[in-house]
Amino acid sequence: TEHTKYTTTEKLWAVGAKRGFTNVDPDDIEWQDDYTPWQFVKEEAADRGTTSSISYKFWDYEEYGVNWQYDPAANVYNRFNWGKEHQDLNTNEQLTTKNLVIQLAKESKANDGYPGNVHLLYGTTGKGQALIFKDGQVVNGTWSKAKRISRTVFYDDKGKEIKFNPGRIWISVLPVGNEVDYGQSN
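The rules behind the values
Residues numbered from 1 in each chain as written. Predicted model: local features only at pLDDT ≥ 70, side-chain atom pairs only at ≥ 80, totals over all residues. Heavy atoms only, no water. Pairing = 2+ DSSP bridges. Helix = DSSP H or I, 4+ residues; strand = E, 2+ residues; numbered from the N terminus. Buried < 20%, exposed > 50% of the residue type's maximum accessible area, 1.4 Å probe, protein only. Phe/Tyr/Trp six-rings, centres within 6.5 Å; stacked < 30°, edge-to-face > 60°. Lys NZ or Arg CZ within 6 Å of the ring centre and 35° of its normal. Patch = residues over 30% accessible without salt bridge, like charges linked within 9 Å, V, L, I, M, F, W, Y side chains within 5 Å. Areas by Shrake-Rupley, 256 points an atom, 1.4 Å probe, with all protein chains shown as cover. Salt bridge = Lys/Arg side-chain N within 4 Å of Asp/Glu carboxyl O. Core = buried A, V, L, I, M, F, W, Y, C linked by side-chain atoms within 4.5 Å. Contact = heavy atoms within 4.5 Å.

Draft legend 1. The pairing of strand 10 (residues 137-145), seen in detail. Pairing of strand 9 (residues 126-134) with strand 10 involves 9 bridges; the strand directions are antiparallel. Residue pairing for strand 10: Leu131 is matched across the bridge by Asn140. Where strand 9 folds back onto strand 10 in an antiparallel hairpin, the turn is made up of 2 residues, including Asp135, whose phi is positive at roughly 55°. Where strand 10 meets strand 11 (residues 153-155), 3 bridges bridge the pair, whose relative direction is antiparallel.

Pasting the structure below:
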């Protein structure tokens, strides 16, 4: 059932190979030959911002409410789910990220025949708004993805591509119009 499947990268590669999906496209070109990675800064910002808390819910379900608390000393965002530390079940450590992106996308019904038509799709091809958090700061930016197999690119408010901090990047895709609260500390 949904949300209960898990796998490993190695197993996914094995299934892909059985289905004819490998590291080369039909023209025998390796995927990384045509791949443009995200950009990263060489050093994290010394001046840290004051955006201390980021919160959002998924639909009207309180139990799926997410909160990120910024730790300026470690320059990471700590994840909380439903008011509790969200922990990695393998390590028992709280989930953290150096970069948090909230990508706003059009939400639509999947129309997949499931009773109640409750499955949802998110339009992640095209363009839209994004909030990018790093170094305790927020950038009101945009995202763009030319086609399904393209990389999503995130831009600041001046149209310049975002340079992420080295480390984990967490992307939450939320429906357009979803409320995102982020507070400033003194």
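Draft legend 2. Quick peek at unusual backbone geometry. In this structure, Asn75 is a non-glycine residue whose phi angle is positive, near 55°. Here Asn75 is to be found in the loop between strand 3 (61-71) and strand 4 (76-81). For Asn75, a relative accessible area of 1% puts it in the buried group. The backbone of Asp135 sits at a positive phi, close to 55°, despite the residue not being glycine. Residue classification places Asp135 among the buried residues on the basis of a relative accessible area of 4%.

Draft legend 3. Region of the structure containing the packing of aromatic side chains. As enumerated under the stated definition, the model contains 8 aromatic pairs in all. Ring centres 6.2 Å apart and planes at 50° place the aromatic pair Trp38 and Phe154 in the tilted group. Remark: Phe154 occurs in strand 11 and Trp38 occurs in the loop between helix 1 (9-18) and strand 1 (39-40); sequence separation between them is 116 residues. The class for Phe154 is buried, based on a relative accessible area of 1%. Every member of this aromatic cluster is reached through a ring pair, and the members are Trp38, Phe40, Phe154 and Phe164. Directly above the ring of Trp82 sits Lys84, whose terminal nitrogen or CZ lies 5.5 Å from the centroid.

Draft legend 4. A look at a nonpolar patch on the surface. A contiguous nonpolar surface patch, about 380 Å² in accessible area, is contributed by Trp13, Trp31 and Tyr35. Among the structural elements, Trp31 can be located in the loop between helix 1 and strand 1.

Draft legend 5. Up close: the nonpolar core. Among the nonpolar cores identified, the biggest contains 14 residues, and Ile54, Tyr56, Trp68, Ile102, Phe133, Leu174 and Val180 are the most heavily contacted of them. Of all the secondary structure elements, the ones that give two or more residues to this core are strand 2 (51-58), strand 3, strand 7 (99-109) and strand 9. In this view, Ile54 contacts Val66, Asn67, Trp68, Tyr77, Leu100, Ile102, Phe133, Val180, Asp181 and Tyr182; residues no more than four positions away in its chain are not counted. Of all hydrophobic cores here, the second largest spans 8 residues; its members include Ala105, Ile132, Trp143 and Phe154.

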